[in-house]
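Okay, here's what each chain looks like letter by letter:
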Amino acid sequence: MTAGRACGVSRGPAKPDLVEEVLEPDLPIVDAHHHLWDESVPMMREEYLLDDLAADVSSGHNIEATVFVEAEARHRSDGPPELRSVGETEFANAVGEEAARRGMTTRVAAAIVAHADVGLGPAVEAVLDAHQAAAPHRLRGIRDMTVTLDRANVAGDPHLLLQPEYREGLRRLAARGMTYDVYVFQVQLADVIATVRALPEVTFVLNHLGGLVGIRPWTGRRDELFPQWKEDIATIAREPNVYLKLGGMNMFIAGFNWHKGERRPSSRQLVDATGKYFDHAIQSFGPDRCMFESNFSPDKLSGSYRTLWNSFKIIAADYSAEEKASMFAGTARSVYRL
């Protein structure tokens, strides 16, 4: 599955937003997950580069830093295949440096989560060395998307996390103090449970609330799938080596189809539709192991950056100031060593 499909890139022209007043504008935020990309990304519909991110992080919320996560942008066009993703790390590092030269108050790409083929096992060491050399002050972890259920069919091994070589690769990350961002669809969470239990030395960061999915063949099955997702999230949360990213619900993969309406939803409408997922996830993991993420630009499909962060603040409204500080910035700062 390509990053374009797995990340849920924007499709079609943007619908208008209601311009909302920013809630709690002084609350410090670390955006724990965003992308940067252009026409080099498969299935890309519109670019999202520094100027676009700068406009979003300056739209009213107090974004102190961001975490860049791989999505197949600017891979090298030649050289050993396993090292081509290093081009994306070089790109993200350069964007972060450019943001600093511009004097942006947001530390863009303060942490970089790069891509490596973890299934290389011991051979992944050379790839990690190359990423470290490309971003010595920003590299914090690896994501190797294990979303292998490509809509109605299986592309590749649907149980990659269970393979011995893959797990050996994960151990190599842990030995370097690197995190592993795990992205699966919710129907694959059983493999995540088995893996995080088998590898307590690895720090896992589960993406997008565990990968909620509403595209074919799961269209119209949200209520049917909810109880198993709820059980799986509670089970994963019992393992202390796992953290959770709160977001990723506004891309088309989640299946809410807000982008098909005449106007994109308000923050309150987003919360009304998705709040039960966030509530259960936070209650299961606890605020100190959760971090909010924009997942921009995929989630831009269903609303503006301002609206999205307003929705997160509504979700967190009943939590204490200390708990909010964790979910909006503290957890990401700790996990990604900002």
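Before reading further, recall that the structure is shown in the block above.
Note that the structure is predicted; figures quoted are calculated from it, not measured.

Participant: What should I look at first to understand the overall build of the protein in this one?
Facilitator: Scanning the protein from N- to C-terminus turns up eleven helices and ten strands. Taken over C-alpha atoms, the radius of gyration comes to 18 Å for the protein, in line with the 20 Å a tight globule of 338 residues would show. For the protein, the C-alpha atoms occupy an extent of roughly 50 × 50 × 40 Å along the three principal directions. Looking at the 338 residues of the protein, the share that counts as buried comes to 58%. In the protein, the proportion of contacts linking residues at least 24 apart, taken out of those at least 6 apart, comes to 81%. Accessible surface, the protein: about 13,000 Å² in total, of which carbon and sulfur atoms supply 49%. Across the protein, the centroid of the 37 positively charged side chains sits 2 Å from that of the 47 negatively charged ones.

Participant: Is there a simple way to think about the layout of surface pockets in this case?
Facilitator: Gaps between atoms show up when a probe of the same size as a water molecule is rolled over them. For the largest pocket, the calculated volume is near 360 Å³. Gly214, Ile215, Thr219, Gly255 and Asn257 are, among the 23 residues lining the largest pocket, the residues nearest its centre. A per-class count over the lining of the largest pocket returns ten nonpolar, seven polar and six charged.

Participant: Please explain helix α3 (residues 86–101) as it appears in this structure.
Facilitator: Since the α-helix packs 3.6 residues into each turn, any two residues three or four apart lie on the same face. Helix length check: α3 (16 residues) gives 23 Å between terminal C-alpha atoms against 22 Å at 1.5 Å per residue, within 8%. Among the residues of α3, Val86, Gly87, Glu88, Thr89, Phe91, Ala92, Asn93, Val95, Gly96 and Ala99 are the ones counted as buried. Backbone geometry just downstream of α3 places Gly103 in the positive-phi region, at approximately 80 degrees.

Participant: Is there a simple way to explain the pattern of salt bridges in this structure?
Facilitator: Pairs can form between side chains of opposite charge whenever their charged atoms are close. Evaluation of the coordinates by the stated rule reveals 19 salt bridges. The partner of Asp56 in a salt bridge is Lys300, and the shortest N-O contact between them spans 4.0 Å. Here the residue Asp56 occupies a position in helix α2 (residues 50–57), and Lys300 occupies one in the loop between β10 (290–292) and α10 (305–315), the gap between them amounting to 244 residues. Judged by its relative accessible area of 10%, Asp56 is buried. A salt bridge links Arg221 to Glu224, with the shortest nitrogen-to-oxygen separation between them at 3.0 Å. Take Arg221: its relative accessible area is 28%, and that puts it in the partly exposed class. A single network of salt bridges, built from pairs that share partners, joins Glu125, Asp129, Glu168, Arg171, Arg172, Arg176 and Glu201.

Participant: Help me out: how do you make sense of the environment of Gly121 in this one?
Facilitator: Structurally, Gly121 can be placed in the loop between β3 (107–114) and α4 (124–134). When its relative accessible area of 0% is taken as the criterion, Gly121 is described as buried. Beyond its immediate chain neighbours, meaning those up to four positions away, Gly121 contacts Glu165, Glu168, Gly169 and Arg172.

Participant: Is there a simple way to explain the pairing of strand β1 (residues 28–34) in this structure?
Facilitator: Across a regular strand the side chains alternate sides, sitting on one face of the sheet and then on the other. Burial analysis of β1 places six of its seven residues in the buried class, which makes it a mostly covered element. Sheet analysis places β1 next to strand β2 (residues 62–69), joined by five bridges and oriented parallel. What sits directly across from Pro28, in β2, is Asn62.

Participant: Looking at this model, I keep getting lost on the pairing of strand β7 (residues 179–182). Mind explaining?
Facilitator: Burial along β7 is two-sided: Thr179 and Asp181 and Tyr180 and Val182, pointing in opposite directions, are all buried. Pairing between strand β4 (residues 139–143) and β7: three bridges, direction parallel. Following the sheet pairing, Gly141 is matched in β7 by Thr179. In this sheet, strand β8 (residues 204–206) lies alongside β7 in parallel orientation, the contact comprising three bridges. Each residue of the ladder has a partner; that of Tyr180, found in β8, is Phe204.

Participant: What's the story with unusual backbone geometry in this structure? I'm lost.
Facilitator: Most peptide bonds take the trans configuration, and most residues that are not glycine carry a negative phi. With an omega dihedral of 10 degrees, the bond running from Arg216 to Pro217 counts as a cis peptide bond. With respect to the secondary-structure elements, Pro217 resides in the loop between α7 (208–211) and α8 (222–237). A positive phi angle is found at Arg337, which is not glycine, with a value near 55 degrees. With respect to the secondary-structure elements, Arg337 resides in the segment after α11 (321–335). Residue class for Arg337 comes out partly exposed when judged on its relative accessible area of 42%.

Participant: Would you take a moment to explain the nonpolar core for this structure?
Facilitator: The nonpolar side chains of a soluble globular protein tend to be buried with one another. Ranked by internal contacts, the top residues of the largest apolar core, which has 80 residues, are Leu170, Tyr180, Leu209, Leu246 and Phe292. Considering each element in turn, this core owes the most residues, seven residues, to helix α9 (residues 267–285). Not counting chain neighbours up to four residues away, the residues in contact with Leu209 comprise Trp229, Ile233, Leu244, Lys245, Leu246, Gly247, Met249, Tyr277, Phe278 and Ala281. Judged by nonpolar contacts, the second largest core, of 14 residues, contains Ala32, Val67, Val69 and Ala332.

Participant: Explain the sheet that holds β3 to me, please; I cannot follow it from the model alone.
Facilitator: Adjacent strands of a sheet pair through backbone hydrogen bonds, lying either parallel or antiparallel. In spatial order, the strands read β1-β2-β3-β4-β7-β8-β9-β10; together these eight strands make up an open sheet with parallel pairing. Each having just a single partner strand, β1 and β10 make up the two edges of the open sheet. The average undirected angle you get between the axes of adjacent strands in this sheet is 30 degrees. Against the sheet, α3 engages β2 and β3, with an angle of about 170 degrees to β3. Relative to strand β9 (residues 242–246), α9 is tilted by about 155 degrees, and along the sheet it contacts β9 and β10.

Reading the values: rules and limits
- Residues numbered from 1 in each chain as written.
- Predicted model: local features only at pLDDT ≥ 70, side-chain atom pairs only at ≥ 80, totals over all residues.
- Heavy atoms only, no water.
- Helix = DSSP H or I, 4+ residues; strand = E, 2+ residues; numbered from the N terminus.
- Rg over C-alpha atoms; globule rule 2.2 N^0.38 Å.
- Buried < 20%, exposed > 50% of the residue type's maximum accessible area, 1.4 Å probe, protein only.
- Contact = heavy atoms within 4.5 Å.
- Areas by Shrake-Rupley, 256 points an atom, 1.4 Å probe, with all protein chains shown as cover.
- Lys, Arg positive; Asp, Glu negative; His and termini not counted.
- Charge placed at Lys NZ, Arg CZ, Asp CG, Glu CD.
- 1 Å grid on protein atoms, 1.4 Å probe; cavity = no way out; pocket = protein on both sides within 12 Å on 5 of 7 lines; lining within 4 Å.
- Points joined across faces, edges and corners; volume = space filled by probe spheres on them.
- Nonpolar A, V, L, I, M, F, W, Y, C, P; charged D, E, K, R; others polar.
- Expected span 1.5 Å × (residues − 1).
- Salt bridge = Lys/Arg side-chain N within 4 Å of Asp/Glu carboxyl O.
- Pairing = 2+ DSSP bridges.
- Core = buried A, V, L, I, M, F, W, Y, C linked by side-chain atoms within 4.5 Å.
- Axes fitted to C-alpha atoms, helices over the stretch in contact; angles between N-to-C directions.

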